[in-house]
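Listed below, chain by chain, are the residues.
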Amino acid sequence: MAHFTDATFEFLRDLARNNNREWFDANRERYEAHVKGAALRFIVDFAPRLTRISPHLRADPRPLGGSLFRIYRDMRFARDRRPYKTHLGIRFPHEQAKDVHAPGFYLHIAPGEVYVGCGIWHPDSDTLRRIRDAIVEDPDRWVAVRDDTGFRDWFGLDGDRLKRAPRGYDPGHPMVEDLKRKDFTAGAQLVPAAVTRADFVDAYAEICTAGTPFMRWLCDALNVPF
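From a predicted model like this one, the values you see are computed outputs, not experimental measurements. Along every chain, residues carry numbers that run from 1 in the direction the sequence is written. Where local features are concerned, this predicted model is filtered to residues with pLDDT of at least 70; where side-chain atom pairs are given and counted, the filter is 80 or more; whole-chain, interface and lining totals use all residues. Only heavy atoms go into the side-chain values, all of them from the structure, while hydrogens and water stay out.

### Structural notes on the side chain of Thr127
Here's step 1: Elements are defined by DSSP. Helices are runs of H or I of four residues or more, strands are runs of E of two residues or more, and each kind is numbered from the N terminus. On the secondary structure map, Thr127 appears in helix α4 (residues 125-137).
Here's step 2: In the analysis that follows, any N or O atom pair within 3.5 Å is treated as a polar contact, provided that within protein one partner can donate a hydrogen and the other can accept it, and provided that, for residues neighboring in sequence, both atoms belong to side chains. A distance of 2.7 Å separates the side chain of Thr127 from the side chain of Asp124, its partner in a polar contact.
Here's step 3: Those residues in contact with Thr127, other than ones at most four positions away along the chain, are His101, Ile120 and Leu222. Whether two residues touch is decided by their heavy atoms; if any such pair falls within 4.5 Å, the residues are in contact.

### Points about the side chain of His173
Here's step 1: If you trace the backbone, His173 turns up in the loop between β4 (156-158) and α7 (176-179).
Here's step 2: A distance of 2.9 Å separates a polar atom in the side chain of His173 from the backbone nitrogen of Met175.
Here's step 3: Sequence-distant contacts of His173, defined by excluding residues within four places in its chain, comprise Val136 and Leu179.

### Description of helix α9 (residues 212-222)
Here's step 1: Within α9, eight of the eleven residues are buried, which leaves it mostly tucked inside the rest of the structure.
Here's step 2: Note on α9: the residue one or two positions beyond its end, Asn223, has a positive phi of about 60 degrees. Summary of the burial criterion: residues with accessible area below 20% of their type's maximum are buried, those above 50% are exposed, and those between are partly exposed, where the area comes from a 1.4 Å probe applied to protein chains only.

### Points about the nonpolar core
Here's step 1: Nine residue types can take part in a nonpolar core, namely buried Ala, Val, Leu, Ile, Met, Phe, Trp, Tyr and Cys, and a core is a set of them joined through side-chain atoms within 4.5 Å. Counting residues in hydrophobic clusters, the biggest one holds 64 residues, and the most contacted among them are Phe4, Phe42, Phe46, Ile90, Phe92, Phe105 and Tyr204.
Here's step 2: Of the residues forming this core, the biggest block, ten residues, is contributed by helix α3 (residues 28-53).
Here's step 3: With residues near it in sequence (within four places) discarded, Tyr204 still touches Phe42, Phe46, Phe92, Phe105, Tyr106, Leu107 and Val116.

### Considerations on the sheet that holds β4
Here's step 1: Paired strands, in this sense, are two strands between which DSSP finds at least two bridges. Reading across the sheet, the five strands line up as β1-β2-β3-β5-β4 and stay open at both edges, with antiparallel pairing between neighbours. Two strands in the sheet have a free side with no partner beyond their single neighbour: β1 (88-93) and β4. Strand-to-strand twist across the sheet, computed as the mean angle between neighbouring axes with direction ignored, equals 25 degrees.
Here's step 2: Sheet topology places β4 next to strand β5 (residues 184-190); three bridges connect them, and they run antiparallel. Note that in β5 the partner of Leu157 across the bridge is Ala186.
Here's step 3: Sheet strands touched by helix α8 (residues 200-210): β1, β2 (104-110), β3 (113-120) and β5. Its angle to β2, the strand with the most contacts, is close to 135 degrees. To define axes, lines are fitted to C-alpha atoms, for helices over the stretch in contact only, and angles between the resulting N-to-C directions are given on a 0 to 180 degree scale.

### Considering the pairing of β2
Here's step 1: Burial analysis of β2 places six of its seven residues in the buried class, the great majority of the element.
Here's step 2: Across six bridges, the pairing between β1 and β2 is antiparallel. Paired with Phe92 across the two strands is Phe105, which belongs to β2.
Here's step 3: For β2 and β3, the ladder comprises seven bridges, and the chain directions are antiparallel. Residue pairing in the sheet places His108 in a bridge with Tyr115 of β3.
Here's step 4: Counted between consecutive antiparallel strands, the loop separating β2 from β3 contains two residues, among which Gly112 sits at a positive phi close to 80 degrees.

Structure below.
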């Protein structure tokens, strides 16, 4: 059986039109069955597949504090006062992610948008320096990873970048455009119908496997196991 169904997208569309506590409370059973419950089952079923990709990445099915992002938005500093996210987010982080910035996989599901991501988003300054230094020290290996055919068949590098070369790095370096990156993430866009297939958990594992050259390179740059 498929983990995610048309009912998953229908709930998220309805939530976007009715983003308030009263509506959510009245439709909580739909959320529990078609969004949260579906996601937790997906995490459980993906776990052994993730272990085959890397034993150091984690699929945690706990409802709180695990791989599933909370549906509630953090409004402490937000101008947007809508209380709920209108997408489903799932992360599969490195086992050392609580102690250091380390790469992971990500799945984003929303009406009209499905995104598979891998890498490190918004790393701290020390982590970013170590990644940039790895590019400078062995640019040939970086290019081999960045341009790996299997990786590029699915993923494209994305995220924010600086307008100029970062301080301390040669503006004329042949890899300067990559040194400008502030995020070392890569993404794959899927059609929403892909996630409602019964074999999507296997398809997702295949896509993540294509991201392993990039993920292994990041782990090596940060001296964490892959």
